[in-house]
Amino acid sequence: MATVIYEYARRLAALCRRFRPRRSVLQAGLVILLFGVIGFSAYQVARHLTVGLSTLRTQEIVDQAYVQMDLYLFREEAVMVSPGSNVCLYTVQNGEKVRVGSSMGTAYASEAAEYAGLLQILLNTYSDRIALLEAEGGQGTPDDVRDAVAVIDDGYLGVLEAVERGDLSAVGGYADRMLRALGRYEVLTGSAEGVSASALRAEQAALVAELTAVGHLQTDRGGYFYYDLDGYEGVFPYADAMTMTAEEFLAMTECGAAPTPTGAVGKMVYSPEWYAAAYVSLTDAAHFEVGGRYSMLCGESGDVVIDMTVARMVPDAGGALLVFKTQAMPEGFSFDRRITVETVTHSIGGYRIPAEAIVTLPSPAGGEPVRGVYILSGNVVEFRKIRIKVKHEGYVIAETYGDIKAMLEGLDEGERDKLTADGWSFLNINDKIITSGTELHEGKVIS
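The model shown is predicted, which means the values in this text are computed figures rather than measured ones. (Residues numbered from 1 in each chain as written. Predicted model: local features only at pLDDT ≥ 70, side-chain atom pairs only at ≥ 80, totals over all residues. Heavy atoms only, no water.)

## Quick look at the overall build of the chain
Check the secondary structure of the chain and you find 10 helices and 20 strands. Sorting the 447 residues of the chain into buried and exposed places 36% on the buried side. Long-range pairs, those at least 24 residues apart, make up 77% of the contacts in the chain between residues at least 6 apart in sequence. (Helix = DSSP H or I, 4+ residues; strand = E, 2+ residues; numbered from the N terminus. Buried < 20%, exposed > 50% of the residue type's maximum accessible area, 1.4 Å probe, protein only. Contact = heavy atoms within 4.5 Å.)

## A look at unusual backbone geometry
One non-glycine residue, Asn430, adopts positive backbone phi at about 70 degrees. By the element assignment, Asn430 lies in the loop between helix H10 (413–420) and strand E20 (432–436). Since its relative accessible area comes to 46%, Asn430 is described here as partly exposed. With a phi close to 55 degrees, Glu439 is a non-glycine residue in the positive phi region. Note on placement: Glu439 falls in the segment after E20. In this structure Glu439 comes out as exposed when scored by relative accessible area, which is 60%.

## Overview of the sheet that holds strand E9 (residues 264–269)
Read across the sheet, four strands follow the order E3-E9-E8-E5 without closing on themselves; strand pairing throughout is antiparallel. Across the chains shown, the open sheet's two edge strands, defined by having one partner strand only, are strand E3 (77–81) and strand E5 (96–98). Sheet twist, expressed as the average angle between the axes of neighbouring strands with direction ignored, equals 35 degrees. Across three bridges, the pairing between E5 and strand E8 (residues 223–226) is antiparallel. Residue pairing across strands places Val98 opposite Gly223, the latter belonging to E8. (Pairing = 2+ DSSP bridges. Axes fitted to C-alpha atoms, helices over the stretch in contact; angles between N-to-C directions.)

## Focus: the packing of aromatic side chains
Across all of its chains, the model carries 17 aromatic pairs by this definition. Both rings, one in Phe333 and one in Phe335, keep their centres 4.8 Å apart while their planes meet at 85 degrees; by these two values the pair is edge-to-face. Looking at Phe333, the relative accessible area reads 8%, which means it is buried. Put simply, the rings of Tyr72, Phe74, Tyr232, Phe236 and Phe249 touch in pairs and so form one group of aromatic residues. Between Arg75 and the ring centre of Phe335, over which it is positioned, the NZ or CZ distance is 3.7 Å. For the cation-ring pair, Arg221 lies above Tyr270, with the distance from its terminal atom to the ring centre recorded as 4.2 Å. (Phe/Tyr/Trp six-rings, centres within 6.5 Å; stacked < 30°, edge-to-face > 60°. Lys NZ or Arg CZ within 6 Å of the ring centre and 35° of its normal.)

## Section: the sheet that holds strand E7 (residues 212–218)
If you walk across this open sheet you meet the three strands as E4-E6-E7, and the pairing is antiparallel. Edge positions in the sheet fall to strand E4 (87–90) and E7, since each has one partner strand and no second. Each strand axis lies, on average, 25 degrees off the axis of its neighbour in the sheet, ignoring direction. Bridging between E4 and strand E6 (residues 103–109) involves four bridges; their strand directions are antiparallel. Bridge pairing in E6 places Leu89 opposite Thr106.

## Some remarks on the confidence of the model for the chain
For the chain, per-residue confidence averages 84 on the pLDDT scale, and 79% of positions sit at 70 or higher. Element-level pLDDT for the chain is lowest in helix H2 (residues 23–48), with a mean of 48, against a maximum mean of 98 in strand E13 (residues 320–326). Segment residues 40–49: pLDDT under 50, and 14 contacts once partners within four positions in sequence are set aside and those in other chains are kept. (pLDDT = per-residue confidence, 0-100.)

## Let's talk about the pattern of salt bridges
Throughout the structure, instances matching the rule amount to nine salt bridges. The residue Glu76 makes a salt bridge to Arg221 at a minimum N-O spacing of 2.9 Å. Pair noted here: Glu76 is in the loop between strand E2 (60–74) and E3 and Arg221 is in the loop between E7 and E8, with a separation of 145 residues, a long-range link. Relative accessible area serves as the criterion here: at 22%, Glu76 is assigned to the partly exposed category. (Salt bridge = Lys/Arg side-chain N within 4 Å of Asp/Glu carboxyl O.)

## Observations concerning the layout of surface pockets
Space inside the second largest pocket adds up to approximately 440 Å³. As for the second largest pocket, its lining consists of 17 residues, and the residues nearest its centre are Glu368, Pro369, Val370, Leu419 and Asp422. Here the residues of the lining of the second largest pocket are counted per class, giving eight nonpolar, three polar and six charged. (1 Å grid on protein atoms, 1.4 Å probe; cavity = no way out; pocket = protein on both sides within 12 Å on 5 of 7 lines; lining within 4 Å. Points joined across faces, edges and corners; volume = space filled by probe spheres on them. Nonpolar A, V, L, I, M, F, W, Y, C, P; charged D, E, K, R; others polar.)

## What about the side chain of Lys267?
Residue placement: Lys267 occurs in strand E9. On the basis of relative accessible area, Lys267 is assigned to the buried category, the value being 8%. Within polar-contact distance, the side chain of Lys267 engages the side chain of Glu77 at 3.1 Å. A polar contact of 3.1 Å, which involves the side chain of Lys267, links it to the side chain of Glu233. Those residues within four positions of Lys267 in sequence are excluded, and the remaining contacts are Glu77, Ala78, Val79, Met80, Tyr224, Phe225, Tyr226, Asp228, Leu229, Glu233 and Arg337. (Polar contact = N/O pair within 3.5 Å; in protein donor to acceptor, adjacent residues only side chain to side chain.)

## A word on the side chain of Lys385
Its location among the elements puts Lys385 in strand E17 (residues 380–385). With relative accessibility at 4%, the residue Lys385 sits in the buried group. Every residue in contact with Lys385, bar those within four places of it in the chain, is listed here: Val370, Arg371, Gly372, Leu419, Thr420, Asp422, Trp424, Ser425, Phe426 and Leu427.

## Brief notes about empty space enclosed by the protein
Taken as a whole, this structure holds one cavity of 30 Å³ or more when the rule is applied. Taken as a whole, the largest cavity spans an internal volume of roughly 40 Å³. In this structure, the largest cavity is lined by Leu73, Arg75, Glu77, Asp230, Lys267, Phe335, Asp336 and Arg337. Among the residues forming the lining of the largest cavity, the class breakdown is two nonpolar, no polar and six charged.

## Here we look at the packing of helix H9 (residues 401–409) against H10
Following both chains from N to C, one finds H9 and H10 inclined at 140 degrees, their axes separated by 9 Å at the closest point. One element, H9, and the other, H10, form an angle in the oblique class. Facing H9, whose interface residues are Met407, Leu408 and Glu409, H10 presents Arg416, Leu419 and Thr420. Residue classes in the contact of H9 with H10 are distributed as three nonpolar, one polar and two charged. (Parallel < 35°, antiparallel > 145°, perpendicular 65-115°, else oblique.)

Put into structure tokens, the structure is as follows:
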């Protein structure tokens, strides 16, 4: 267009010299020339002007979906009873694995029944402290001390975060973890001076010296011994976990706890494998498959993570019964009858791209149109191809440049040439994606 205006001006000047037109004709010609110059300038400005231009750096994210559910535990357990007892001095830890014929402690009868509960708590506290002293034995390394401090810090922060979100059940889990780590730290660093396992045992013995021994705790079958009962030992039968219907399971969850039997001194859990069942919606059930393994985050136990495998899936009209199995028994996990867990059911990594940034252009090589985005390279608009992995409302997740590069390297030459024939590059990390703007096209210079 510049050439046309220049040629028009040259001819107009020559015409004026040759014919010497009247003043009015000359003025009209100059006006036409002026409008031409203005029009050309406007055209040039419009080519480089983009209204409302905004960009976003390409970033890689991991998009995850979660399912939260209440799990009810099924364990192969049996209540141990010592008639006439209301206090026990245990010689094994709570949850400790014991062999056939092992001695777990002595049962006593206390005439001051109203104080028996408090006495039991005190005796158990001594047992926990003794176990910690014997386990560490003052042989800790600097790394052990640092580990203990890290657990204390994590527990403290966990308590604060749980309080802030109003999750009081999680507060207990974090607090228990922190207190155990504090005790371990004291033992490792020698902070509890003058305290020894033998001294604590002597104090324990003094507490029960005036009581009458009524039984000796011993098991005729190996397993794991626990001090406490929750009253649901007979409500969730271990043998039913792999045969119950969804209706039968829901009926179990509506039952209340049974009273603690008189003379109960604890319970044995015989099998390391245990089950956990939940009734979920059909939508949530679609994220699981029998045989699939899932990591369960147990917030109520201070964010302990347990890997579980789906053993059964029983759908009905209203939802589905899911039965998980595991042998995991991590430290700090509370085997409450009902636990709330959260698990990742869907995880996809890639570039997050706003839906409004996606454009489709005809392929220079012919064939199918090409989907991609405009980016700003310096001050020049360029087109970059994308391969969408999944679409969400308002955005998509696209394959990373590294994934595409690896894919192309795995193709034969013909397939690779077909995918790269258009000459356009794929979107890469930190490219400046143009998310909004007018009059965009490849090669446009933004001034």
